[in-house]
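Descriptive structure summary
The residues making up each chain are set out below.
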Amino acid sequence: MLTRARRRATVLITALCTALLFVLLGQPATAAPPNIPSAATARTELNALRVAAEGPMTGYSRDLFPHWTSSGGCTTRQTVLKRDGSNVVVGSNCQPTSGSWYSPFDGVTVTSASGVDIDHIVPLAEAWRSGANSWTTDTRRAFANDLSNPQLIAVSASSNRSKGDQDPADWKPVSSYQCTYARMWIRAKYRWNLSVDSAEKSALTTMLGTC
């Protein structure tokens, strides 16, 4: 039977070995965008957003939101693929050659990077209708490649195509992910000072109620 001192030593050695493995293997993929607010913070931010009818699509083009930009030898898309995947292996050009990606929008696991889309939580067209039409190209570029806020996420191509440019009044992920999705949507709109329409705000309020 181990003495108390030996048990403590065993625990300490186990912790040190775990830390060493962490250093050697690197930080695992978080499989989630950064800076997702709490439900309470999201409610406060939602109430701070300007409520207005959506603007027209006049003049809109995805080309007005340049993406995917490169940084450190990887494009924004490749960076999100590495961040959100599990056991991702990349080639010399930073493109994943293997790995798996769990898509929280529909609960599907994808095992090929070609079957993964990088979704803009607030779609580019939705942003345009909510105030981005008056932005500079530099601001739209920053929005389209925002890695500091919960605006980009790796999901199945089929769920991303199903969502399109719809807001939460017209499209929602599976019920188990609606709380997180609403919190991400609200934070992205709050960070970029975009408006919400009344139906959108109502849908977001309902989704926060599932938290």
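The sections below set out a description of the structure shown in this document. (Residues numbered from 1 in each chain as written. Predicted model: local features only at pLDDT ≥ 70, side-chain atom pairs only at ≥ 80, totals over all residues. Heavy atoms only, no water.)

The next subject is the overall build of the protein. When its secondary structure is counted, the protein shows eight helices and seven strands. Burial statistics for the protein: of 211 residues in total, 41% are counted as buried. When the accessible surface of the protein is split by element, carbon and sulfur atoms take 54% of a total near 10900 Å². (Helix = DSSP H or I, 4+ residues; strand = E, 2+ residues; numbered from the N terminus. Buried < 20%, exposed > 50% of the residue type's maximum accessible area, 1.4 Å probe, protein only. Areas by Shrake-Rupley, 256 points an atom, 1.4 Å probe, with all protein chains shown as cover.)

Let's shift gears to the environment of Asp84. Positionally, Asp84 belongs in helix α3 (residues 76–84). In the structure, Asp84 is positioned 69 residues away from Ile153 in sequence and 7.2 Å away in space, judged by C-alpha atoms. Here Ala154 takes part through its backbone nitrogen, which lies 2.9 Å from a polar atom of the side chain of Asp84. (Polar contact = N/O pair within 3.5 Å; in protein donor to acceptor, adjacent residues only side chain to side chain.)

Here we take up the pattern of salt bridges. Side chains that differ in sign of charge can pair as their charged atoms come close. All told, the structure shown has 10 salt bridges when counted by the stated rule. Measuring nitrogen to oxygen at the nearest pair gives 3.0 Å for the salt bridge that ties Arg129 to Glu54. With a gap of 75 residues between them, Arg129 in helix α4 (residues 124–129) and Glu54 in the loop between α2 (39–48) and β1 (70–71) connect regions that are remote in the sequence. Arg129 is paired through a salt bridge with Asp165; the nearest N and O atoms lie 3.1 Å apart. Of this pair, Arg129 sits in helix α4 while Asp165 sits in the loop between α6 (157–163) and α7 (178–191); the two residues are 36 residues apart in sequence, bridging distant segments of the chain. One connected set of salt bridges, linked through shared partners, spans Glu54, Glu126, Arg129, Asp165, Lys189 and Glu200. (Salt bridge = Lys/Arg side-chain N within 4 Å of Asp/Glu carboxyl O.)

This part is about the layout of surface pockets. In this structure, the largest pocket occupies an estimated 260 Å³ of space. Lining the largest pocket are 16 residues, and of these Arg62, Ile118, Asp119, His120 and Asn160 lie nearest its centre. Here the residues of the lining of the largest pocket are counted per class, giving six nonpolar, four polar and six charged. (1 Å grid on protein atoms, 1.4 Å probe; cavity = no way out; pocket = protein on both sides within 12 Å on 5 of 7 lines; lining within 4 Å. Points joined across faces, edges and corners; volume = space filled by probe spheres on them. Nonpolar A, V, L, I, M, F, W, Y, C, P; charged D, E, K, R; others polar.)

Okay, the nonpolar core next. Grouped together as the largest cluster of nonpolar side chains are 30 residues, with contacts concentrated most on Phe65, Phe105, Phe143, Tyr181 and Leu194. Within the residue set of this core, elements represented by two or more residues are α2, α4, α5 (137–144), β7 (152–156), α7 and α8 (198–208). By residue number, the principal contributor to this core is α7, which donates six residues. With nine residues, the next largest nonpolar core counts Val110, Ala113, Val116 and Ile118 among its residues. (Core = buried A, V, L, I, M, F, W, Y, C linked by side-chain atoms within 4.5 Å.)

One pass over the full model with this rule turns up 12 aromatic pairs. Taken together, a centroid distance of 5.8 Å and an interplanar angle of 65° make the contact between Tyr60 and Trp128 edge-to-face. Of this pair, Tyr60 sits in the loop between α2 and β1 while Trp128 sits in helix α4, placing them 68 residues apart in sequence. A relative accessible area of 23% means that Tyr60 is categorised as partly exposed. Following the ring pairs from residue to residue traces out a cluster consisting of Tyr60, Phe65, Trp128, Trp135, Phe143 and Trp192. When the ring centre of Phe65 is taken as reference, the NZ or CZ atom of Arg140 above it lies at 5.8 Å. Against the face of Trp192 rests Arg191, its NZ or CZ located 4.0 Å from the ring centre. (Phe/Tyr/Trp six-rings, centres within 6.5 Å; stacked < 30°, edge-to-face > 60°. Lys NZ or Arg CZ within 6 Å of the ring centre and 35° of its normal.)

All right, on to α7 then. For α7, which comprises 14 residues, the first-to-last C-alpha distance of 20 Å matches the rise-based estimate of 20 Å (1.5 Å per residue) to within 8%. Of all 14 residues in α7, 12 are buried, a share of seventy percent or more. Listed in full, the buried residues belonging to α7 are Gln178, Cys179, Thr180, Tyr181, Ala182, Arg183, Met184, Trp185, Ile186, Arg187, Ala188 and Lys189. Check the buried side of α7 and you find it contacts α2, α4, β7, α6 and α8. Downstream of α7 by one or two residues, Asn193 has phi in the positive range, about 55°. (Expected span 1.5 Å × (residues − 1). Contact = heavy atoms within 4.5 Å.)

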